[in-house]
Amino acid sequence: MNDNDATLYNISNYNRFGWARVARAISKNELDDLYSKIHEKGSPKKFPQSSNGEAIIEINDDLHALLNVDNVFVFVTGTKSSPEITRIVRVEFFDEDSIDFFRKDIYERNSNRALEAFTRSLGEEFIRYFNRSSSANYREYTNQYWSQRSRSESKENTRIDRNGDIGTGASQKAQGNIKHSRKENSDYSLSSGDKASLNDELRQLAFYDDLDIKEDMYDTHPITDEPPKENKVIISL
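Please read all numbers here as calculations on a predicted model, not as lab measurements.

## Here we look at the confidence of the model for the chain
Turning to step 1, where the next piece is worked out: Mean pLDDT for the chain: 74, with 59% of residues reaching 70 or above.
Turning to step 2, where the next piece is worked out: pLDDT under 50 marks residues 166–190. Its contacts with residues more than four places away, or in other chains, come to 19 contacts.
Turning to step 3, where the next piece is worked out: Per-residue pLDDT stays below 50 along residues 205–230; that stretch engages in 27 contacts with residues further than four places along the chain or on separate chains.

Below you can see the structure in the form of structure tokens.
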């Protein structure tokens, strides 16, 4: 399942958690862990609170893995049945000592501006910060999704058309208007009358240049997928 698929979210789901999935700020397992911990506590209000009144909930990617370290800090509003993710801090370490190094600052610098400055000063290789208010809103996200999908489908159609597998759009219509006078798999060749006429013209040119043109210059050859061989005009002085 592609979590960037705009058909997965309505505006309510996108605002509650979809924006974080699209931004790759939280995995499916981490989201499940978040819901599980809220259910166990009974309410987001029972977790440590930020200065903005958000619950700060520590989660990890391995659901119910007691020995695993919670390295993701999720800021949540709403209720037990309808929690909303507003911000996420991801610590890129997976041992408790390293997490403890960051945990105190995350809880103390929990305002948006302070957390953003803190994570930026350390660098994304150590800690990453995601904020719903600075992510694309639902309309921007869906417009971007369908625009990218349209461009992708257009490129795919062009690629298929160039490969000669199928025709699409205007090219298919143009191909449908082409009328072939030859039968399928028949040789495409000059008629004997055309050959005689062309050879007569060449003889006239050769007459003026005192040149002789071989009769078999316009022998017919069937059409193949191979590049045409070079036609050699044999001229004798």
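## Quick notes on the side chain of Asn60
Turning to step 1, where the next piece is worked out: Relative to the elements of secondary structure, Asn60 occurs in the loop between strand E1 (55–59) and strand E2 (72–78).
Turning to step 2, where the next piece is worked out: A distance of 2.5 Å separates a polar atom in the side chain of Asn60 from a polar atom in the side chain of Asp70.
Turning to step 3, where the next piece is worked out: Contact partners of Asn60, with chain neighbours within four places excluded, come to Asn29, Glu30, Asp33, Lys37, Asn68, Val69, Asp70 and Asn71.

## Topic: the layout of surface pockets
To find leftover empty space, a probe the size of one water molecule is rolled over the atoms.
Turning to step 1, where the next piece is worked out: Here the second largest pocket defines a volume of roughly 340 Å³.
Turning to step 2, where the next piece is worked out: What lines the second largest pocket is a set of 20 residues, among which Glu124, Tyr129, Phe130, Asn131 and Ser134 lie closest to the centre.
Turning to step 3, where the next piece is worked out: Of all elements in the fold, only helix H1 (11–22), helix H4 (112–122), strand E4 (127–131) and helix H5 (138–163) reach the threshold of two or more residues within the lining of the second largest pocket.
Turning to step 4, where the next piece is worked out: Broken down by element, the lining of the second largest pocket gets its largest block of residues, five residues, from E4.
Turning to step 5, where the next piece is worked out: Classifying every residue of the lining of the second largest pocket by side-chain character gives nine nonpolar, seven polar and four charged.

## A look at the sheet that holds E1
Turning to step 1, where the next piece is worked out: Read from one edge to the other, the open sheet built from four strands follows the order E1-E2-E3-E4, with strand pairing classed as antiparallel. Single-partner strands in this sheet number two, and they are E1 and E4. Averaged over all neighbouring strand pairs, the angle between strand axes comes to 25°, with direction disregarded.
Turning to step 2, where the next piece is worked out: In this fold H1 packs onto strand E3 (83–91) and E4, with an angle of close to 25° to the strand it touches most, E3.
Turning to step 3, where the next piece is worked out: Sheet contacts for H4: E2, E3 and E4; angle to E4, the most-contacted strand, approximately 145°.

Analysis parameters
Residues numbered from 1 in each chain as written. Predicted model: local features only at pLDDT ≥ 70, side-chain atom pairs only at ≥ 80, totals over all residues. Heavy atoms only, no water. pLDDT = per-residue confidence, 0-100. Contact = heavy atoms within 4.5 Å. Helix = DSSP H or I, 4+ residues; strand = E, 2+ residues; numbered from the N terminus. Polar contact = N/O pair within 3.5 Å; in protein donor to acceptor, adjacent residues only side chain to side chain. 1 Å grid on protein atoms, 1.4 Å probe; cavity = no way out; pocket = protein on both sides within 12 Å on 5 of 7 lines; lining within 4 Å. Points joined across faces, edges and corners; volume = space filled by probe spheres on them. Nonpolar A, V, L, I, M, F, W, Y, C, P; charged D, E, K, R; others polar. Pairing = 2+ DSSP bridges. Axes fitted to C-alpha atoms, helices over the stretch in contact; angles between N-to-C directions.

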